[in-house]
Amino acid sequence: MALEHAILVSLLEKPGSGYELARRFERSIGYFWTATHQQIYRVLKRMEGDGMLAVREVPQQGRPDKKEYSVAAPGRAALSQWLHEPVEPESLRHDLAVKIRGAAFDDPAALVREVERHRQAHADRLAHYLAGQVRDFTGPEAPAPLDAGQELQHVVLRGGIAYERMTIAWLDDVLATLHRLAERPPHARG
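If you check an unreviewed UniProt entry, the protein appears there as PadR family transcriptional regulator from Streptomyces bambusae.

Rendered as C-alpha cells:
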C-alpha cells in the first residue's frame, strides 16, 4: 500500500490539516501504516499538485491560516481503483524470529531481555488499542449505532487487538522456552 492510499482513507474519514493528519497517524492508522510528519507533508503537497486533494485556507486567531485537506474526485477515483485491485498476502519477515532461532547457537538466556522488551511494546500497544476501543466504539461516549465507516474502523481495530493478544501469547511461549533452555547445561543445548 502506498502512503497516498492511507492518506486518502484518513481524509475521507475526516478532512484536516497536515498536522491533524499526522496526529491521526500517530493515534490510530499509524499502527497499520506509519509515516513521518515530513513524509505526510511531502505526499500531501504532491497529491494536491496532482489534483487528488482539495485545499481550503482556514483562518486562525493569532496564527497563520491553516490548510485543510479533503479528497477531490480524482482522489476518490484513485482510491476506488486501488480498492478493487488484489492485495498480496503479507509475508512474515520478522527479525526477532530469526534471532530466536539463532539463539540455539549461543546462550538462549542472552535473548530474554530483548524478548521481554518486545513483549512490553506489544502489551503497551494492546492497552492503547483497548482504550481506543472503549473511547471510540464501546464506551458510554461512543456513538450508537455505529455508521459503516465506524464499523469498518472498529473491525480493523479488533484485528489489531487480536494480533497483539496473539503476539503476546507467542512471546510468553518464547520466554518460557528460553528460560527452560537456559536451565540446561551448555553441552545439552545443541
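The discussion continues.
**Comments concerning the pattern of salt bridges**
Under the counting rule described, the total for this entry stands at 8 salt bridges. When the shortest N-O distance is used, the salt bridge between Lys67 and Glu48 registers 3.7 Å. Pair noted here: Lys67 is in strand E2 (residues 63-71) and Glu48 is in helix H3 (residues 37-49), with a separation of 19 residues, a long-range link. The class of Lys67 is partly exposed, set by a relative accessible area of 36%. Relative accessible area serves as the criterion here: at 30%, Glu48 is assigned to the partly exposed category.

**Thoughts on the pairing of strand E1 (residues 53-60)**
Bridge count between E1 and E2: 7 bridges; the pairing is antiparallel. Bridging from a neighbouring strand, Arg56 pairs with Glu68 of E2. Hairpin geometry of E1 and E2 is characterised by an intervening segment of 2 residues between the two adjacent antiparallel strands and by a positive phi of about 70 degrees at Gly62.

**Quick word on the layout of surface pockets**
Each pocket or cavity is described by its volume, and for the second largest pocket that value is around 170 Å³. Taken together, 10 residues make up the lining of the second largest pocket; nearest its centre are Ile100, Ala104, Thr177, Leu178 and Leu181.

**Re helix H7 (residues 148-182)**
Taking 1.5 Å as the rise per residue, H7 with 35 residues should run 51 Å; its terminal C-alpha atoms sit 51 Å apart, in good agreement. When H7 is considered as a whole, its buried residues turn out to be His154, Leu157, Gly160, Ile161, Glu164, Thr167, Ile168, Leu171, Val174, Leu175 and Leu178. Here the buried face of H7 lies against helix H5 (95-102) and helix H6 (112-138). Backbone nitrogen of Gly149 and a side-chain oxygen of the N-cap are separated by 3.1 Å at the start of H7; the cap is Asp147.

Each value, and the rule that gives it
- Residues numbered from 1 in each chain as written.
- Predicted model: local features only at pLDDT ≥ 70, side-chain atom pairs only at ≥ 80, totals over all residues.
- Heavy atoms only, no water.
- Salt bridge = Lys/Arg side-chain N within 4 Å of Asp/Glu carboxyl O.
- Helix = DSSP H or I, 4+ residues; strand = E, 2+ residues; numbered from the N terminus.
- Buried < 20%, exposed > 50% of the residue type's maximum accessible area, 1.4 Å probe, protein only.
- Pairing = 2+ DSSP bridges.
- 1 Å grid on protein atoms, 1.4 Å probe; cavity = no way out; pocket = protein on both sides within 12 Å on 5 of 7 lines; lining within 4 Å.
- Points joined across faces, edges and corners; volume = space filled by probe spheres on them.
- Expected span 1.5 Å × (residues − 1).
- Contact = heavy atoms within 4.5 Å.
- Polar contact = N/O pair within 3.5 Å; in protein donor to acceptor, adjacent residues only side chain to side chain.

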